[in-house]
Amino acid sequence: MVKFRRPSYVQKIRWRLRASWLVLVCMLIYMVAIAELGGGDSRIMTDLADFISRFVFFGGMIYVITRIVHNRKLLRDRLRMKEQMRREQDERNQYLHDKSGGAVLDILLMLLLFATVTAALFNMPAFYTAFSLLVAAIVLKTGAYLLYSRGQ
C-alpha cells in the first residue's frame, strides 16, 4: 500500500501560485477566444448581463492577481506564513467551510461563474438561468455559513 505524504505548507503555497498563474493565463485565453467568436455583442446583451459579465470576469482577474501577490508575500515572510497556516488549520474555520458546502460547493460556484459569464456574452435566456442558479448557490452557501457560525 502506498502512503500519502502530506505536502508541507510551503509546497501548498507554491502549488497555489502555479494554479493561480494557470487560471490567469486561461482567463486571458478565454477573453481572446470570446472576442474571436463574436461574443459580447452590445446589441444583444442587456445592461445587467453586460455589468455582470464585466464584473465577474475583471473582478475575478483582479482577485487572482491579488492571490498571486499575497502568496508571493507569504513565501518571502515566514512569520506571515505561519500566521496564515494557523488560520487555515483552525478547526472552527474548517468546520464552517465544510458545513457550508466545502470544496464541492466552491467548485460549483466557479463553474456557475464561468457559465454565467459565457451565457451573458451569447444568450440572454441562458444568462438569466445561470445567473439565477449562481445567486441561489451564493445565498445557500452564505446562509449555511451564517447559520453554523452562530451555532457555535
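Refer to the structure above for everything that follows.
Here goes a summary of the coordinates provided. (Residues numbered from 1 in each chain as written. Predicted model: local features only at pLDDT ≥ 70, side-chain atom pairs only at ≥ 80, totals over all residues. Heavy atoms only, no water.)

**Let's talk about helix H6 (residues 124-150)**
Item 1. An ideal rise of 1.5 Å per residue puts 39 Å on 27 residues; H6 measures up with 38 Å between its terminal C-alpha atoms.
Item 2. Those residues of H6 that fall on the buried side of the exposure criterion are Met 124, Phe 127, Ala 130, Leu 134, Ala 137, Lys 141, Ala 144 and Ser 149.
Item 3. Buried residues belonging to H6 abut helix H2 (47-76), helix H4 (91-99) and helix H5 (102-122).
Item 4. Its side-chain oxygen 3.3 Å from the backbone nitrogen of Ala 126, Asn 123 forms the N-cap of H6. (Helix = DSSP H or I, 4+ residues; strand = E, 2+ residues; numbered from the N terminus. Expected span 1.5 Å × (residues − 1). Buried < 20%, exposed > 50% of the residue type's maximum accessible area, 1.4 Å probe, protein only. Contact = heavy atoms within 4.5 Å. Polar contact = N/O pair within 3.5 Å; in protein donor to acceptor, adjacent residues only side chain to side chain.)

**Observations concerning the environment of Ala 35**
Item 1. The residue Ala 35 is located in helix H1 (residues 9-37) in this model.
Item 2. Under the relative-accessibility criterion, Ala 35 is labelled exposed at 55%.
Item 3. Separated by 41 residues in the primary sequence, Ala 35 and Arg 76 place their C-alpha atoms 38 Å from one another.

**Notes on the packing of aromatic side chains**
Item 1. With the rule as written, the count across this model stands at seven aromatic pairs.
Item 2. Summarising the aromatic geometry, the rings of Phe 57 and Phe 58 are spaced 5.2 Å apart at their centres and angled 85° between planes, so their arrangement reads as edge-to-face.
Item 3. Judged by its relative accessible area of 10%, Phe 57 is buried.
Item 4. Residue Phe 58 is classed as partly exposed on the basis of its relative accessible area of 39%.
Item 5. Pairwise contacts between aromatic rings join Tyr 30, Phe 57, Phe 58 and Phe 114 into one cluster.
Item 6. Geometry around Trp 15 places Arg 18 over its ring, the cationic atom sitting 4.7 Å from the centre. (Phe/Tyr/Trp six-rings, centres within 6.5 Å; stacked < 30°, edge-to-face > 60°. Lys NZ or Arg CZ within 6 Å of the ring centre and 35° of its normal.)

**What to know about the nonpolar core**
Item 1. Membership of the largest hydrophobic core comes to 19 residues, with the highest contact counts inside it found for Tyr 30, Ala 49, Leu 121 and Phe 127.
Item 2. Among the elements of the structure, H1, H2, H5 and H6 are those that each provide at least two residues to this core.
Item 3. Dropping the residues within four chain positions of it, Leu 121 is found in contact with Tyr 30, Ile 34, Gly 39, Gly 40, Asp 41, Met 45 and Ser 53.
Item 4. Counting residues in each nonpolar core, the second largest holds five residues, with Tyr 9, Val 10, Ile 13 and Leu 74 among its members. (Core = buried A, V, L, I, M, F, W, Y, C linked by side-chain atoms within 4.5 Å.)

**Topic: the packing of H1 against helix H3 (residues 78-88)**
Item 1. Relative to each other, H1 and H3 sit at 90°, their axes nearing to 11 Å. Taken together, the axes of H1 and H3 are roughly perpendicular relative to one another. Residues Tyr 9, Val 10 and Arg 16 of H1 lie in contact with H3, whose contacting residues are Arg 78, Met 81, Gln 84, Met 85 and Glu 88. (Axes fitted to C-alpha atoms, helices over the stretch in contact; angles between N-to-C directions. Parallel < 35°, antiparallel > 145°, perpendicular 65-115°, else oblique.)

**Here's the deal with a nonpolar patch on the surface**
Item 1. Together, Leu 28, Met 31 and Phe 58 make up an exposed nonpolar region whose accessible area comes to about 250 Å².
Item 2. With respect to the helices and strands, Leu 28 occurs in helix H1.
Item 3. On the basis of relative accessible area, Leu 28 is assigned to the partly exposed category, the value being 37%. (Patch = residues over 30% accessible without salt bridge, like charges linked within 9 Å, V, L, I, M, F, W, Y side chains within 5 Å. Areas by Shrake-Rupley, 256 points an atom, 1.4 Å probe, with all protein chains shown as cover. Salt bridge = Lys/Arg side-chain N within 4 Å of Asp/Glu carboxyl O.)

**Remarks on the pattern of salt bridges**
A pair can form between side chains of opposite charge whenever their charged atoms are brought close.
Item 1. Overall, the coordinates contain seven salt bridges when judged by the stated rule.
Item 2. Among the ionic pairs, Arg 54 bridges to Asp 50, the shortest N-O distance being 2.9 Å. Of this pair, Arg 54 and Asp 50 both sit in helix H2, four residues apart, which is roughly one turn of that helix.
Item 3. Assessed through its relative accessible area of 49%, Arg 54 is described here as partly exposed.
Item 4. The residue Arg 86 makes a salt bridge to Glu 83 at a minimum N-O spacing of 2.5 Å. Taken together, the residues Arg 86 and Glu 83, both in helix H3 and three residues apart, mark about one turn of the helix.

Take it as geometry only, folks, not as evidence of what the structure does.
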